[in-house]
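Okay, here's what each chain looks like letter by letter:
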Amino acid sequence: MATSVDYSAADHESPSCYNFWSLFGCEDEKLKQLRIARRRDMLPPWRGLQSLNAEQFYEANESPREFKESKPWNAGLCCRRKARGAALLEEPRSQKEPWIWAPQADENEIDLEWKIVEHELDYESLCRLRAFREVVAQAGLDFHVACRKAPHSKRPGTLLRFLRARNWNQELSLKLLQEALDWRRDYQLEEKLEAWRAEWQAQQSRRVQLWRKYGYIKQIGLDHDGLPIHLHRLSQCDAGGLAREAGDEAFLLYHLMILEDCFEAAQERMLKSGKLITNFVDVYDQGDYGLVDGYLRRGYKAWEPYKMMIPILDKVYPERVRVAFILRCPAVFAIFWRLVEPFVPPATVKKIRIKGYSAKSYVGEMKELMVESVIPPFLGSDDRALLTTAEPWGGWVPNGGTCGAWLGSWGWRSMG
C-alpha cells in the first residue's frame, strides 16, 4: 500500500510535472518525495511573501522600486507558482481605496504622516520603511537628546530620506541617522539656531549685517507643490570673504537656518495637502557677467567653506535635493565642478541639471516645476540690461572684519 504524500509541500510543482513523470511509469511515492525535497531545497523561502515581509527578497543595498526589474524573485518557479506570487505582491495595491485626505482633529502629526506615506509609497518600499522604523525604535533613538523637541526618529518622511540616502540598506541608514542625531546634539543645533534667528531679526551684530549686505541666497517663490525655491547667486558672491569676515559659524548657521525653514515648510505643506514631500528645487546662477570682477578668485575662495559644509549637509540633511538647476555655466565652471563633484553624493549628481547661458536651454524645464512668474526676469531672458537690477547682488566683502576665526568648530570632525 502506497504511503500518502502531503501535496501541500509540493505546491511549487505544477500538474504538468506529474504528467511528465507518469509517462515513464514513475508513480513511486518515494521517488516523488525525493523530487519534491530536491525542488524545495532549490527554491527561495516562500513564506516571506505570505507573511507580507518583503525584507528577505532584497539585497542589503537594493532599492525595492528597482527590485522587480533587476532581481527576478520567481526564477525557478513553475508558471502556477509565479502567478500566485505576483498576485500576492500586487494584492495590497489593488485593494487600496480612493485617496481622500481628510485629517481628523484628534490625530497627531506622526499618525497623519504615516497615512500619507502609506498612500504614496509602493508596497515593497512601505515594507522596508516599516521595518526600518522598528530597527530605529529598537536602537533607542526615540530617546535621543536630539529628538526631544522634534521627533526625527518617528517621522516616516525623515526615515525615508535616510533609507534612500543609503540605497535602502537598513544598517547603513541606521548608522547615518545615528550620526546625524549625534551631530545635532554635539553641535547644539536647536539652541544655536534659536539664538541665530534672534540675532538675525535684531540686525545689530556685525556678522548679521555682513550677511544681510553681501548675502547671495534669496527665496524667489514656491514650486508647484507649494515648497520654497531658493536662488543661489554664486555668480557674484564672495562666499570666502563672508566666511573670513563674519566667521565660519555664521556661514554654517546661515545655510542651516534656510534648510530648517524649508523642512518646516515641507512638513506643514505635507500635512495640509496629504502629499508626501521631502525634497526641494534650488536654482544656482553661475554666470560670469563681469559686473563683479574676479570670477575665478571668488570661486576658489568659496571652495574652502563649502568643502567643510558639504559633508555636514549630506549626513544631517540627506536626500534634500529634488532638482538643482545650475544655470549659465561658463567654460571655466568645469574646473570648479571637478573639485566639487567628488564631495556630492552620486544620487544627488543625477538630480543636477547643468545649463548654458541661453534662457531657452532651461526655462522650459524650470516651468515644469514652478510657474513662470517665479523665474527671476534676468534668468528668464537673455537681456543683459536686466542684470543690473538682479537680486541678491552679492559682491566683494571688504577686509577688516574680525567676527570670527576661520578655524572655528563646526563639529564636522565628530561626524566620523
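Numbers given to residues run from 1 along each chain, matching the order in which its sequence is written. Only residues with pLDDT of 70 or above have their local features reported here, since the model is predicted, and side-chain atom pairs are shown and tallied only from 80 upward, although totals for entire chains, interfaces and linings are computed over all residues. Derived side-chain values reflect all non-hydrogen atoms in the structure, with water molecules and hydrogen atoms excluded from consideration.

Trainee: Let's hear about the overall build of the protein: which residues, and what values?
Mentor: A run of H or I in DSSP becomes a helix once it reaches four residues, and a run of E becomes a strand once it reaches two; helices and strands are each numbered from the N terminus. Each helix and strand counted, the protein has 18 helices and five strands in total. By the burial criterion, 47% of the 416 residues in the protein qualify as buried. Note on areas: Shrake-Rupley with a 1.4 Å probe; residue coverage comes only from the protein chains shown. When the accessible surface of the protein is split by element, carbon and sulfur atoms take 53% of a total near 21500 Å². Residue burial is assigned from relative accessible area. The probe radius is 1.4 Å, only protein chains are included, and a residue is buried under 20% of its type maximum, exposed over 50%, and partly exposed in between.

Trainee: Could you give me a rundown of the pairing of strand β1 (residues 217-222), with the residues and numbers involved?
Mentor: The sheet contact formed by β1 and strand β2 (residues 228-232) spans five bridges and is antiparallel. Looking at the pairing, Q219 lines up with H230 of β2. Strands qualify as paired when DSSP identifies two bridges or more between them.

Trainee: So what's going on with the nonpolar core? Which residues, and what values?
Mentor: Think of a nonpolar core as a cluster: buried Ala, Val, Leu, Ile, Met, Phe, Trp, Tyr and Cys residues, connected wherever their side-chain atoms sit within 4.5 Å. In this structure, W183, W196, W211, Y216, F251, L256 and Y317 are the most contacted members of the largest nonpolar core, which totals 40 residues. Considering each element in turn, this core owes the most residues, 12 residues, to helix α13 (residues 248-273). With residues up to four places along the chain from it excluded, the contact list for W196 reads R207, V208, W211, A250, L253, Y254 and M257. One finds L126, V136, L159 and M270 within the second-largest nonpolar core, a separate group that totals 26 residues. In what follows, residue pairs with any heavy atoms lying within 4.5 Å of each other are defined as contacts.

Trainee: How would you sum up the environment of R128? Please name residues and give values.
Mentor: On the secondary structure map, R128 appears in helix α7 (residues 123-138). The spacing of R128 and N169 is 41 residues in sequence and 9.3 Å in space, taken between C-alpha atoms.

Trainee: Outline the packing of aromatic side chains, listing residues and values.
Mentor: Under the pairing criterion, centres of Phe, Tyr and Trp rings, with the six-membered ring standing for Trp, must be within 6.5 Å; the plane angle then separates stacked pairs below 30 degrees from edge-to-face pairs above 60, leaving the rest tilted. Under the counting rule described, the total for this entry stands at 14 aromatic pairs. Considering the side-chain rings of W211 and F251, the 5.7 Å spacing of their centres and the 55° angle between planes classify their relative orientation as tilted. With W211 in helix α11 (residues 206-214) and F251 in helix α13, this residue pair connects regions lying 40 residues apart in the sequence. A ring pair is formed by W303 and F343, whose centres lie 5.2 Å apart and whose planes are at 70°; its orientation type is edge-to-face. Of the two residues, W303 is situated in helix α14 (residues 295-316) and F343 in the loop between α15 (333-340) and α16 (346-349); the sequence distance between them amounts to 40 residues. We classify W303 as buried; its relative accessible area is 15%. Through a chain of ring-to-ring contacts, three or more aromatic side chains come together here, namely W196, W200, W211, Y216, F251, Y254 and Y306. A ring is considered to have a charge above it if a Lys NZ or an Arg CZ atom is located within 6 Å of its centre and within 35 degrees of its normal. In this structure, K192 packs its charged tip against the face of Y187, placed 4.0 Å from the ring centre. Here the guanidinium or amino end of R328 rests over the ring plane of Y357, the centre of that ring lying 4.4 Å away.

Trainee: Which residues make up the layout of surface pockets, and what values go with them?
Mentor: Approximately 590 Å³ is the volume found for the second largest pocket. Breaking the lining of the second largest pocket down by element, the ones donating at least two residues are α8 (156-165), α9 (170-187), α10 (189-202) and α13. No other element matches α13, which puts six residues into the lining of the second largest pocket. Considered class by class, the residues forming the lining of the second largest pocket number 13 nonpolar, five polar and 10 charged. Computed over the protein atoms alone on a 1 Å grid, cavities are sets of points where a 1.4 Å probe fits but cannot get out and pockets are open sets with protein on both sides within 12 Å along at least five of seven lines; a residue lines them when it has an atom within 4 Å of a point. Grid points are joined across faces, edges and corners, and a volume is the space filled by probe spheres set on the points. Gly counts as polar in this scheme, as do all residues outside two lists: the nonpolar Ala, Val, Leu, Ile, Met, Phe, Trp, Tyr, Cys and Pro, and the charged Asp, Glu, Lys and Arg.

Trainee: So what about the pattern of salt bridges? Which residues, and what values?
Mentor: A side chain of one charge can pair with a side chain of the opposite charge if their charged atoms are brought near each other. Any Lys or Arg side-chain nitrogen found within 4 Å of a carboxyl oxygen on Asp or Glu counts as a salt bridge. Within this structure, the stated rule accounts for 24 salt bridges. Close ionic contact of K367 with E372 constitutes a salt bridge, the shortest N to O distance being 3.8 Å. When its relative accessible area of 52% is taken as the criterion, E372 is described as exposed. Salt bridges sharing common partners tie together D223, D225, K275 and R322.

Trainee: An account of the packing of helix α6 (residues 109-120) against α7 is needed here, citing residue identities and associated values.
Mentor: The axes are straight lines fitted to the C-alpha atoms, using for helices just the contacting stretch, and the angles between their N-to-C directions are given from 0 to 180°. Where α6 meets α7, the closest approach of the two axes is 10 Å, and the angle between their N-to-C directions is 150°. Contact with α6, carried on its side by W114, V117 and E118, involves L126, L129, R130 and R133 of α7 and no other residues of that element. Of the residues belonging to the contact of α6 with α7, the class tally is four nonpolar, no polar and three charged.

Trainee: Summarise α13; cite the residues concerned and give the values.
Mentor: The periodicity of an α-helix, 3.6 residues per turn, causes residues three or four places apart in sequence to face the same way. Compared with an ideal rise of 1.5 Å per residue, which puts 26 residues at 38 Å, α13 spans 38 Å between its outermost C-alpha atoms and is within 8% of the ideal. Backbone geometry just after α13 places G274 at a positive phi near 75°. By this rule, a helix spans an expected 1.5 Å times one less than how many residues it contains.

Trainee: So what about the sheet that holds β1? Which residues, and what values?
Mentor: By way of backbone hydrogen bonds, the strands of a sheet pair with one another, either parallel or antiparallel. Pairing in this open sheet of five strands is mixed, and the strands run β1-β2-β3-β4-β5 from one edge to the other. Of all the strands in the sheet, the pair left with one neighbour each is β1 and β5 (352-354). The average angle at which neighbouring strand axes cross in this sheet is 20°, direction not considered. In terms of strand pairing, strand β3 (residues 280-285) meets strand β4 (residues 321-327) through six bridges, oriented parallel. Along β4, the bridge assignment pairs V283 with F325. Along the sheet, α13 makes contact with β1, β2 and β3, crossing β2 at roughly 160°.

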